[in-house]
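Residue strings, one per chain:
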Amino acid sequence: MIMNQNKALWEKGDFTRIAASMRESGEALVQTLDLNRGLELLDVGCGDGTTAIPAARLGANVTGVDIASNLVAAGNERARTEGHSNITFQEGDASDLHELADDSFDLVLSIFGAMFAPRPADVARELVRVTRPGGRIVMGNWIPGDPTFVAQILRISAAYSPPPPEGFVSPMTWGVEDHVKERFGAAGVHHEQISFERGTYTFSFPGTPSELLAEFRNYYGPTMNAYEAAATAGRDAELHAELDNLFNNQNASDQESTTSIPATFLRVTVTP
């Protein structure tokens with residue numbers, strides 16, 4: 001049986017530990033979506049519900065899809081604990097949402113989720129396919145070369161990691177407007193139906209920047225892989241110093257032992 005490398009990446013560690021620092025911005029983003037009670041919403045690459053659960057709290061009927069079985073289980077447990085009957089989490093691949101029918105959702109949301117799936121052209125086609133006529137697709141994607149937090153974590157990590165396999169398409173290309181237009185264009189969406197804006201997503205953590213880095217080192221798949229590769233090459237101390245410098249320099253909190261790090265992202269809105 002061939003291993004699904006993307007599934008293995010996101011089941012590695014425990015992304016819920018990282019998601020805990022993303023809750024406040026997830027809730028704030030959902031507040032901008034103008035949700036109506038009873039709206040049918042699909043959250044693709046939902047993790048354990050950073051945006052899906054706030055949407056359910058506002059009355060949307062939410063289906064969360066993620067490739068990682070541990071995150072699906074964690075999302076369903078969060079929903080059960082909070083008593084939400086209008087949300088379900090299930091396993092699925094953003095490149096192939098075959099379990100979901102055409103024209104099923106008023107809003108298809110993916111915040112730093114679908115961008116990491118392989119076969120980006122298939123991702124765009126699937127997002128369009130499951131969106132109802134008159135509906136919306138909203139994506140949040142990290143931007144390549146951006147000087148802020150997440151883009152720099154991924155840049156640094158890539159420099160210490162083995163080269164990607166042949167045919168690999170960087171998820172960061174979802175942060176390039178021309179690539180987004182091309183992909184949705186191939187799915188039948190005219191470029192005038194696609195709009196872009198920059199947004200800020202803040203990582204908030206009740207500890208020091210170095211302690212937040214420890215969370216990434218121990219629980220975030222891409223960073224874990226980078227440390228493992230760096231250790232094999234005898235460069236793990238070098239990687240750690242570079243990341244520790246990044247985390248501390250980008251911390252905007254003026255409170256001791258509290259971390260607040262903003263990250264710029266590309267917000268994409270599609271009205272197919």
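Residues numbered from 1 in each chain as written. Predicted model: local features only at pLDDT ≥ 70, side-chain atom pairs only at ≥ 80, totals over all residues. Heavy atoms only, no water.

K.L.:
Give me unusual backbone geometry: which residues, what numbers.
P.N.:
Look at Asp 34: it is not a glycine, yet its phi comes out positive at around 55°. One non-glycine residue, Phe 112, lies in positive phi territory at about 55°. With respect to the element layout, Phe 112 can be found in the loop between β4 (105-111) and α6 (120-129). (Helix = DSSP H or I, 4+ residues; strand = E, 2+ residues; numbered from the N terminus.)

K.L.:
Please set out empty space enclosed by the protein residue by residue, giving values where relevant.
P.N.:
Using the criterion set out here, one finds one cavity of 30 Å³ or more in the structure. The volume enclosed by the largest cavity comes to roughly 450 Å³. Every residue lining the largest cavity is counted, 31 residues in all, and those nearest its centre are Phe 15, Gly 45, Ile 111, Phe 112 and Gly 113. Of all the secondary-structure elements, those providing two or more residues to the lining of the largest cavity are α1 (5-11), β2 (61-66), α7 (149-159) and β6 (194-205). (1 Å grid on protein atoms, 1.4 Å probe; cavity = no way out; pocket = protein on both sides within 12 Å on 5 of 7 lines; lining within 4 Å. Points joined across faces, edges and corners; volume = space filled by probe spheres on them.)

K.L.:
I'd love a proper account of the pairing of strand β1 (residues 40-44), names of residues and values included.
P.N.:
Of all the five residues making up β1, four are buried; the element is thus mostly covered by neighbouring parts of the structure. On the question of chirality, the crossover connecting β1 to the parallel β2 by way of helix α4 (residues 52-57) is right-handed. Where β1 lies against β4, three bridges are found, and the strand directions are parallel. Note that in β4 the partner of Asp 43 across the bridge is Leu 109. (Buried < 20%, exposed > 50% of the residue type's maximum accessible area, 1.4 Å probe, protein only. Right-handed = clockwise from strand over helix to strand, strands pointing away. Pairing = 2+ DSSP bridges.)

K.L.:
Requested: an account of the pattern of salt bridges, with residues and values cited.
P.N.:
Counting across every chain of the model gives 17 salt bridges. When the shortest N-O distance is used, the salt bridge between Asp 122 and Arg 125 registers 2.8 Å. Residue Asp 122 and its partner Arg 125 are located together in helix α6, separated by three residues, close to a single helical turn. Overlapping salt bridges, with partners in common, bring together Asp 102, Arg 119, Asp 122, Arg 125, Glu 126 and Arg 129 in one network. (Salt bridge = Lys/Arg side-chain N within 4 Å of Asp/Glu carboxyl O.)

K.L.:
Summarise the environment of Ile 156; cite the residues concerned and give the values.
P.N.:
Along the chain, the position of Ile 156 falls in helix α7. Taking relative accessible area as the criterion, Ile 156 reaches 3% and is therefore assigned buried. A sequence separation of 87 residues divides Ile 156 from Leu 243, and the C-alpha atoms of the two residues are 7.4 Å apart. Every residue in contact with Ile 156, bar those within four places of it in the chain, is listed here: Leu 239, Glu 242, Leu 243 and Leu 246. (Contact = heavy atoms within 4.5 Å.)

K.L.:
Can you lay out the packing of aromatic side chains for me, pointing to particular residues and giving the numbers?
P.N.:
Tallied over the entire structure, the rule returns 17 aromatic pairs. For the pair Phe 112 and Trp 142, a centre-to-centre distance of 3.8 Å together with 5° between the ring planes defines the contact as stacked. Pair noted here: Phe 112 is in the loop between β4 and α6 and Trp 142 is in strand β5 (residues 131-142), with a separation of 30 residues, a long-range link. Residue Phe 112 shares its accessibility class with Trp 142, and that shared class is buried. (Phe/Tyr/Trp six-rings, centres within 6.5 Å; stacked < 30°, edge-to-face > 60°.)

K.L.:
Tell me what's going on with the layout of surface pockets, and back it up with residues and numbers.
P.N.:
The gaps left among the atoms become clear once a water-sized probe is rolled over them. In this structure, the largest pocket occupies an estimated 1,200 Å³ of space. Taken together, 33 residues line the largest pocket, and the ones lying closest to its centre are Leu 9, Pro 164, Pro 165, Phe 168 and Pro 171. Across the lining of the largest pocket, the residue classes tally to 21 nonpolar, seven polar and five charged. (Nonpolar A, V, L, I, M, F, W, Y, C, P; charged D, E, K, R; others polar.)

K.L.:
Account for the nonpolar core, with residues named and values stated.
P.N.:
If you look at the biggest cluster of nonpolar residues, it comprises 84 residues, and the most contacted ones within it are Trp 142, Phe 149 and Phe 184. Residue contacts for Phe 184: discarding those within four places in its chain leaves Ala 124, Leu 127, Val 128, Ile 137, Met 139, Trp 174, Val 189, Ile 194 and Val 270. (Core = buried A, V, L, I, M, F, W, Y, C linked by side-chain atoms within 4.5 Å.)

K.L.:
How would you explain helix α8 (residues 177-186) if you had to name every residue and give the values?
P.N.:
All buried positions along α8 are accounted for by Val 180, Arg 183 and Phe 184. Relative to the axis of α8, the buried residues are bounded by an arc of 90° and lie together on one face. Residues of α8 that are exposed and point more than 90 degrees away from the buried face comprise Asp 178, Glu 182 and Ala 186. Here the buried face of α8 lies against α6, β5, β6 and β7 (259-270). Once α8 finishes, Gly 188 follows within two positions and takes phi at roughly 95°, a positive value. (Arc of directions from axis to C-beta.)

K.L.:
Could you give an account of α7, naming the residues involved and the relevant values?
P.N.:
Across the 11 residues that make up α7, a large majority, eight, are buried. Those residues of α7 hidden inside the fold are in contact with β5, β6, α9 (209-219), α10 (221-232), α11 (236-250) and β7.

K.L.:
Go over the sheet that holds β7 with me, naming the residues and quoting the values.
P.N.:
On the basis of which strands lie adjacent, the open sheet formed by seven strands has the order β3-β2-β1-β4-β5-β7-β6 and mixed pairing. The sheet is open, and its two edges are formed by β3 (87-91) and β6, each paired on a single side. Looking at each pair of strands side by side, their axes are set apart by 20° on average, direction ignored. One ladder, built from 12 bridges, connects β6 with β7; its direction is antiparallel. If you follow Gly 199 over to β7, its bridge partner there is Phe 265. Across the sheet, α8 lies against β5, β6 and β7, angled at about 120° from β6, the strand it touches most. The strands that α9 touches are β6 and β7; relative to β6, the one it contacts most, it runs at about 110°. (Axes fitted to C-alpha atoms, helices over the stretch in contact; angles between N-to-C directions.)

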